[in-house]
Amino acid sequence: MQQTLSIIKPDAVKKGVIGKIIDRFESNGLRVAAAKKIKLSKCDAKAFYAIHSQRPFFNDLVDFMTSGPVVVMVLEGENAVAKNRELMGATNPKEATPGTIRADFADSIDANAVHGSDSLENAKNEIAFFFSSREIC
Ligand code: ATP
Ligand code: MG
């Protein structure tokens, strides 16, 4: 069993597809172990995506992630990290496999509907960034 962090990004929350996205997880063996709808501060977004701080798209990424509420979740299941990435599809929705979340709900590489941890180690850090242990069950 693994846990991974998922974020439904502001574009997907605005579109009203929270339920449809969570259905993709629950229908594919990922259980929602924790969830909350929050608005990230600039400090939150900069810290969360600190690994990208030197990339040219960093400021746009921070502005986008703080442009409206997001839903942060802990997903739990067998191979949860890789399974979530597979269900999400490629970063650029134009390159995402049909039937993936990004292919079906995302508009662009900037507004790409979901975030998912990309390794088990990052998953642990990202989960701890948003949730205390008593919020996860
Ligand atoms: P995320 O971390 O959000 O789950 P990802 O792991 O698929 O996405 P990363 O390489 O970690 O992709 O990039 C983080 C985010 O930065 C992407 O989701 C995307 O919105 C944005 N991004 C990545 N590469 C580019 C790019 N070349 N141009 C513009 N935005 C980009
Ligand atoms: Mg990433």
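Quick caveat, the model's predicted, so the values are computed rather than measured.

Quick notes on the rules
- Residues numbered from 1 in each chain as written.
- Chains lettered and ligands numbered in written order.
- Predicted model: local features only at pLDDT ≥ 70, side-chain atom pairs only at ≥ 80, totals over all residues.
- Heavy atoms only, no water.
- Helix = DSSP H or I, 4+ residues; strand = E, 2+ residues; numbered from the N terminus.
- Rg over C-alpha atoms; globule rule 2.2 N^0.38 Å.
- Buried < 20%, exposed > 50% of the residue type's maximum accessible area, 1.4 Å probe, protein only.
- Contact = heavy atoms within 4.5 Å.
- UniProt positions renumbered as here; feature names shortened; annotations may be inferred.
- Pairing = 2+ DSSP bridges.
- Near = heavy atom within 4 Å.
- Polar contact = N/O pair within 3.5 Å; in protein donor to acceptor, adjacent residues only side chain to side chain.
- Areas by Shrake-Rupley, 256 points an atom, 1.4 Å probe, with all protein chains shown as cover.
- Nonpolar A, V, L, I, M, F, W, Y, C, P; charged D, E, K, R; others polar.
- Axes fitted to C-alpha atoms, helices over the stretch in contact; angles between N-to-C directions.

## Here we look at the overall build of the protein
A count of helical and extended segments in the protein gives seven helices and four strands. The secondary structure elements of the protein, listed N-terminal to C-terminal, are β-α-α-β-α-α-β-α-α-β-α. Taken over the C-alpha trace, the protein has a radius of gyration of 14 Å; the compact-globule value for 137 residues is 14 Å, and the two agree within 12%. The principal-axis extent of the C-alpha atoms belonging to the protein is close to 35 × 35 × 25 Å. The buried share of the protein, reckoned over its 137 residues, is 46%. Partitioning the intrachain contacts of the protein with sequence separation of at least 6 by distance along the chain shows that 76% fall at a separation of at least 24.

## Observations regarding the UniProt feature "active site" (unreviewed entry) in the protein
Taken from the UniProt record, the annotation "active site" (unreviewed entry) applies to His-115. For His-115, the position within the fold is in strand β4 (residues 114–116). Look at His-115 and you get buried, because its relative accessible area is 10%. The residues contacting His-115, other than those within four sequence positions of it, are Leu-5, Ser-6, Ile-7, Lys-9, Phe-48, Tyr-49, Asn-84, Met-88, Arg-102 and Glu-126.

## Section: the pairing of strand β3 (residues 70–77)
Of all eight residues in β3, eight are buried, a share of seventy percent or more. Across the two faces of β3 the burial is the same, with Val-70, Val-72, Val-74 and Glu-76 and Val-71, Met-73, Leu-75 and Gly-77 all buried. As paired elements, strand β2 (residues 31–38) and β3 share seven bridges and run antiparallel to each other. Across the sheet, residue Lys-36 finds its bridge partner in β3, namely Val-72.

## What about the site of ligand 1?
Neighbouring ligand 1 are 14 residues, the closest being Lys-9, Tyr-49, Thr-91, Ile-109 and His-115. Contacts to ligand 1 include Tyr-49, whose side-chain N or O atom sits 2.7 Å from an oxygen atom. Here Ile-109 contributes a backbone N or O atom positioned 2.7 Å from an oxygen atom of ligand 1. Coverage of ligand 1 by the protein amounts to 80% of the 570 Å² it exposes when considered alone. Looking at the shell around ligand 1, the elements that each hand over two or more residues are α5 (80–88) and β4. Residues that form the shell around ligand 1 fall into these classes: five nonpolar, five polar and four charged.

## What about the sheet that holds β3?
Reading across the sheet, the four strands line up as β2-β3-β1-β4 and stay open at both edges, with antiparallel pairing between neighbours. Of all strands in the sheet, those bounded by a partner on one side alone are β2 and β4. This sheet shows a mean twist of 20° between the axes of neighbouring strands, independent of strand direction. Strands β1 (2–8), β2, β3 and β4 of the sheet are contacted by helix α7 (residues 120–130), whose axis makes an angle of about 60° with β1.

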